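# Report on the structure
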2 protein chains.
Amino acid sequence: MNVTSTLQPAALPEIVDTNRPEDALRGDMPNGFNPSAISHLDATAQRHIARRLQLISPSYRLFYAEPVKIVRGEKVYLYDDQGNDYLDAYNNVVCVGHANPRIVDAITRQFSTLCTHTRYMQEPILDYAEALRTTFHTSIREGQMMFTCTGSEANDLAMRIAMHYTGKTGVIVTSEAYHGNSHLTSSFSPSLGSKALLGPYVRTVPAPDAYRIPPSEVGRRMADQVALQIEDIRRHGGGLAAFIADSFFSSDGVFAHPTDVLAPVAEVVRRAGGLFIADEVQSGFGRSGTHMWGHERHGVVPDIVTLGKPMGNGYPVAGLVVRPEVVAGFGEDMRYFNTFGGNSVAIAATQATLDVLRDENVLDNAQRVGAIMLEGLNALARKYECIGDVRGAGLYFGVEIVRDRAKKNTDIATALKIVNGLRQRRVLISATGPDASVLKVRPPLVFGANDADRLLTELDTVLAAL
Amino acid sequence: MNVTSTLQPAALPEIVDTNRPEDALRGDMPNGFNPSAISHLDATAQRHIARRLQLISPSYRLFYAEPVKIVRGEKVYLYDDQGNDYLDAYNNVVCVGHANPRIVDAITRQFSTLCTHTRYMQEPILDYAEALRTTFHTSIREGQMMFTCTGSEANDLAMRIAMHYTGKTGVIVTSEAYHGNSHLTSSFSPSLGSKALLGPYVRTVPAPDAYRIPPSEVGRRMADQVALQIEDIRRHGGGLAAFIADSFFSSDGVFAHPTDVLAPVAEVVRRAGGLFIADEVQSGFGRSGTHMWGHERHGVVPDIVTLGKPMGNGYPVAGLVVRPEVVAGFGEDMRYFNTFGGNSVAIAATQATLDVLRDENVLDNAQRVGAIMLEGLNALARKYECIGDVRGAGLYFGVEIVRDRAKKNTDIATALKIVNGLRQRRVLISATGPDASVLKVRPPLVFGANDADRLLTELDTVLAAL
């Protein structure tokens, strides 16, 4: 897919690798298990895979060359049916830990009391909206909330609102962006792979790859690219509805810095009449440790903020905050009812999660343990040539694996060897980036210093054995 | 919106009414509360409305001229903050009753144990898929499952699969169909109102209105209309991906009979290379009392069945069952991952719901109490001229209110008076149909004979006072 080719200035260095194992990107999923290669698995696992292939659609992918069977979770640990513990350094959904008793209690209490929808008056949904708004530090704190069940639904709805507001359908995203699995959101999620069709007025811009572009130039270059793509949309008869980005650029390879990138982009977008949508499904709810919201690290004021994954610590709840003037027309023309979105239990779960994040100083922990992790990963980078770059903020890290530090060429085979090596040592991470060459480390925010030690020690062992 | 006008044979009798109160269809929602008319409410309610307008988007609608404040639910009763009980004859989501202890237990137990996603091996999701498949009686029981969080997501995904399989984008629905709130599903949900844009190759056909069309002709006429719309899509350069329908035609006004309608339609659809999608979000999980799945009442074999609302008795879980050959290509080209869809707790909730439906003979109850209800409603129809038609199956009823029985012209004002009159007497129903003139009665499936009595008695009182 090369939709942006005609208008790209100053091409990036050649980073596409040729040592990509045949099935490494099966269905374009980094770290996906290939169910047709099962001979290395034990009989029970083979039976499970066969049964799975029969009963659920082939669109489902398992993680790891040797998939993990999980039966229990607690804090930052997952357990298999033999009682072995796995260190979970991947699942951001359970931000305050697996089976957090305060969240479980809140959900249980609410489920036993009332589980119903937004067409009756209920105070808690308003209390939550009020509480959430105070976590923002710009004018978006005057925004209005809407509730969905998934981040995909939140992004789908955000884009419907943007299209209604602007009367346009153009969308600009980064070249490996992922914003959801609905028909609309998948049309602006190029990371789903070349078989997933992009919308006619969807354009991509390169990610702010500060490993390969001088950091001081990243912001200006991205703004320039966005301007060019806006012009390309116009040239093809369309117009810009919105630019949408995850401020961690997760599926592009985790680019947490620099943080002066999105403000200049937003300026260009607004000049063209488009909206700026901050997708906080990954970067929100304190992931960075220093900020509740990733976009605030960039000093940008969004028109819409979308929320998801960690919002209810595992309970299916997501949503958005939108400037009132942006949603006024949509609200008048279009009712929005989501049977489960914002229902009594969703609100109880998300309120409890917000309470725990605050009461237990979870962001401080993410900042403190994040610093330990970053230092440890950098130490490993000094020790092992294959680590080209270590980046991240709070408890979200990208560790880029390269074949040659000078050439910065990606090494997917080694990256997947490391991911699977860690899995054999019962530490769960995954891979990301356009070539799946970036180790993706994104533990629950209650990850402790001892957990960081365990991860770093095991990673050292795996790297030494390469 | 009159997209089908050029090709309609044999127009229906004129049923559009002119006595439609200005705000009755505000945002095209039947029985929606108008937040700009609050002077009749008490101070607390007024404050709540004002706060709501500030904190959540204006797309949200409350029910009833005097919205209900709910704080607790149990079995088929909802309670306000004064402890008053409301008979819930509307909420199908809690199919086995509000706060059903078996479901609450299953959810609590699973949340305390493990809440994680489909990329690890877990047995319960396969056990559930296996169990659910056995509830079908045609070849769709060989289908494969996919899991989402909402019915909208299920229908969005079903249509993505249909479009991938057929390479076409045309969709045919009934003229007041509702299939979801995502960008794609709203594009084939004309009941969202004229401001919600339909897709370029979306066409509508009249609902199988057996109150106005001789029942013996309904099936043939619908098949003919579908054939004409397929031709119209072709004439405009498109092709048919799918026909999708809820076999109760809920938002069209609840047409539970006749049941020989969908099989001839499916034949026409397949001849054109399209798929038949049975939307079981409303009609599924035993709503009809006699059948677990609404489409089986019509003797039709679907290519995809979509599931939602009652699936987890309030827990956000939905999904679909699809013929393996239909999803094979999609599965190869497209990974599908839904963070919360099919996760451990969703499966526990939906398994428990299925268990209760079976163990406690809930369908038998729906059939038995449904018969009492139907008899009672028909008795009221003999007593009150304004009831033009009573229809339904199991525990789903449409009671059409008309100004003149001979003319069968709809009477939205009286219908809303009845809905609001019942609400004042603490019985909760709503209205549906193109003119919101059809009382929509759709209680939890554990509705008892005593509950039917209470509803019928209160309805009698309200009708007498008109």
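Here the structure is a predicted model, which means the values were calculated and not measured.

Below, the discussion takes up the relation of the copies chain B and chain A. In screw terms, the move from chain B to chain A is a rotation of 180° and a rise of 0.0 Å along the axis, fitting with an RMSD of 0.0 Å. On this basis, the relationship between the two copies can be described by a two-fold rotation axis. For chain B, the smallest separation between a C-alpha atom and the rotation axis is recorded for Thr 108 of chain B, amounting to 2.9 Å. Most of the interface of chain B is mirrored in chain A, where 100% of its interface residues again form contacts.

A few words on the sheet that holds strand β10 (residues 318–322) of chain A. Backbone hydrogen bonds hold the strands of a sheet together, and the pairing may be parallel or antiparallel. Residue and element names in this part refer to chain A. Read across the open sheet, the 7 strands follow the order β4-β10-β9-β8-β7-β5-β6; overall the sheet is mixed. Each of the sheet's edge strands pairs with one partner strand only, and the pair in question is β4 (144–148) and β6 (202–205). Each strand axis lies, on average, 20° off the axis of its neighbour in the sheet, ignoring direction. Pairing analysis gives 4 bridges linking strand β7 (residues 240–245) to strand β8 (residues 275–279), with the strands arranged parallel. Across the sheet, residue Ile 244 finds its bridge partner in β8, namely Ile 277.

Let us look at helix α12 (residues 412–424) of chain A. All names here are of chain A. With 13 residues, α12 extends 18 Å from end C-alpha to end C-alpha; this agrees with the ideal 18 Å at 1.5 Å per step. Those residues of α12 that are buried lie in contact with β12 (396–404), β13 (409–410), β14 (427–428), β15 (430–432), β16 (438–441) and α13 (449–464). Remark: Arg 426 follows α12 within two positions and exhibits a positive phi of approximately 65°.

For soluble globular proteins, nonpolar side chains are generally found buried alongside one another. The biggest cluster of nonpolar side chains holds 309 residues, and the ones touching the most others in it are Ala 162 of chain A together with Ala 162 of chain B. There are two domains that each give this core at least three residues, and those are domain 1 (9–28 + 73–98 + 362–464) and domain 2 (101–359) of chain B. Once residues within four sequence positions are removed from consideration, Ala 162 of chain B is found in contact with Ala 241, Ala 242, Leu 275, Ile 277 and Ile 304 of chain B.

Before going further, it helps to examine the pairing of strand β9 (residues 304–307) of chain A. Residues and elements named next belong to chain A. Of the two faces of β9, both are covered, the one formed by Ile 304 and Thr 306 as well as the one formed by Val 305 and Leu 307. Examined bridge by bridge, β8 and β9 share 3 bridges and lie parallel to one another. Note that in β9 the partner of Asp 279 across the bridge is Thr 306. Where β9 and β10 come together, 4 bridges link them in antiparallel fashion. The partner of Ile 304 across the bridge, within β10, is Val 322.

For the rest of this paragraph, the subject is helix α12 (residues 412–424) of chain B. All names here are of chain B. Buried residues of α12: Ile 412, Ala 415, Leu 416, Ile 418, Val 419, Leu 422 and Arg 423, and no others. Within α12, the buried residues cover an arc of 155° as seen down the axis, which keeps them to one side. Those residues of α12 hidden inside the fold are in contact with β12 (396–404), β13 (409–410), β14 (427–428), β15 (430–432), β16 (438–441) and α13 (449–464).

A few words now on unusual backbone geometry. Residue and element names in this part refer to chain A. In this model, His 257 is joined to Pro 258 through a cis peptide bond whose omega is -5°. For Val 254, which is not glycine, the phi dihedral falls at a positive 65°. Here Val 254 lies in the loop between β7 and α7 (262–271). On the basis of neighbour counts, which here come to 27 C-beta atoms within 10 Å, the residue Val 254 falls in the buried class. Here Phe 285, not a glycine, exhibits a phi torsion of approximately 55°, which is positive.

Moving on, we get to the packing of helix α3 (residues 123–133) of chain A against helix α10 (residues 344–359) of chain A. Residue and element names in this part refer to chain A. In the contact formed by α3 and α10, the axes pass within 9 Å of each other and the chain directions differ by 35°. For the element pair α3 and α10, the recorded crossing hand is left-handed. Between α3, through Pro 124, Ile 125, Tyr 128, Ala 131 and Leu 132, and α10, the contact on the second element is made entirely by Ser 344, Ile 347, Ala 348, Thr 350, Gln 351 and Leu 354.

On to the packing of helix α4 (residues 151–166) of chain B against helix α9 (residues 324–333) of chain B. Residue and element names in this part refer to chain B. Interaxial distance between α4 and α9 falls to 9 Å at its minimum, and their mutual angle equals 90°. Classified by the angle their axes make, α4 and α9 are roughly perpendicular. Only Val 326, Val 327, Gly 329 and Phe 330 of α9 make contact with α4, whose side of the interface consists of Ile 161, His 164 and Tyr 165.

Taken together, the contact pairs 77 residues of chain B with 77 residues of chain A. Taken together, the residues of the side of chain B that touches chain A break down into 39 nonpolar, 22 polar and 16 charged.

Moving on to the sheet that holds β14 of chain A. Residue and element names in this part refer to chain A. If you trace the 4 strands from one edge of the open sheet to the other, you get β1-β2-β3-β14, paired in mixed fashion. The open sheet is flanked by β1 (72–74) and β14, the only strands paired with a single partner. In the sheet, strand β3 (residues 85–88) pairs with β14 via 2 bridges, with the strands oriented parallel. Residue pairing in the sheet places Asp 88 in a bridge with Leu 428 of β14.

Residues and elements named next belong to chain A. For β10, the buried fraction is high: 5 of the 5 residues fall into the buried class. The two faces of β10 match: Ala 318, Leu 320 and Val 322 on one face and Gly 319 and Val 321 on the other face are all buried. One ladder, built from 5 bridges, connects β4 with β10; its direction is antiparallel. Paired with Gln 144 across the two strands is Val 322, which belongs to β10.

Moving on, we get to the environment of Ser 152 of chain B. Inspection of the secondary structure assignment puts Ser 152 of chain B in helix α4. Residues Ser 152 of chain B and Cys 386 of chain B lie 234 residues apart in sequence; the distance between their C-alpha atoms is 35 Å.

Rules behind the numbers
Residues numbered from 1 in each chain as written. Chains lettered and ligands numbered in written order. Predicted model: local features only at pLDDT ≥ 70, side-chain atom pairs only at ≥ 80, totals over all residues. Least-squares fit on C-alpha atoms with pLDDT ≥ 70 in both. Contact = placed C-beta atoms within 7 Å. Pairing = 2+ DSSP bridges. Helix = DSSP H or I, 4+ residues; strand = E, 2+ residues; numbered from the N terminus. Axes fitted to C-alpha atoms, helices over the stretch in contact; angles between N-to-C directions. Expected span 1.5 Å × (residues − 1). Core = buried A, V, L, I, M, F, W, Y, C linked by C-beta atoms within 7 Å. Buried ≥ 20, exposed ≤ 12 C-beta atoms within 10 Å, placed from the backbone. Domains from an automatic or database assignment. Arc of directions from axis to C-beta. Left-handed = near helix turned anticlockwise from the far one by under 90°. Parallel < 35°, antiparallel > 145°, perpendicular 65-115°, else oblique. Nonpolar A, V, L, I, M, F, W, Y, C, P; charged D, E, K, R; others polar.

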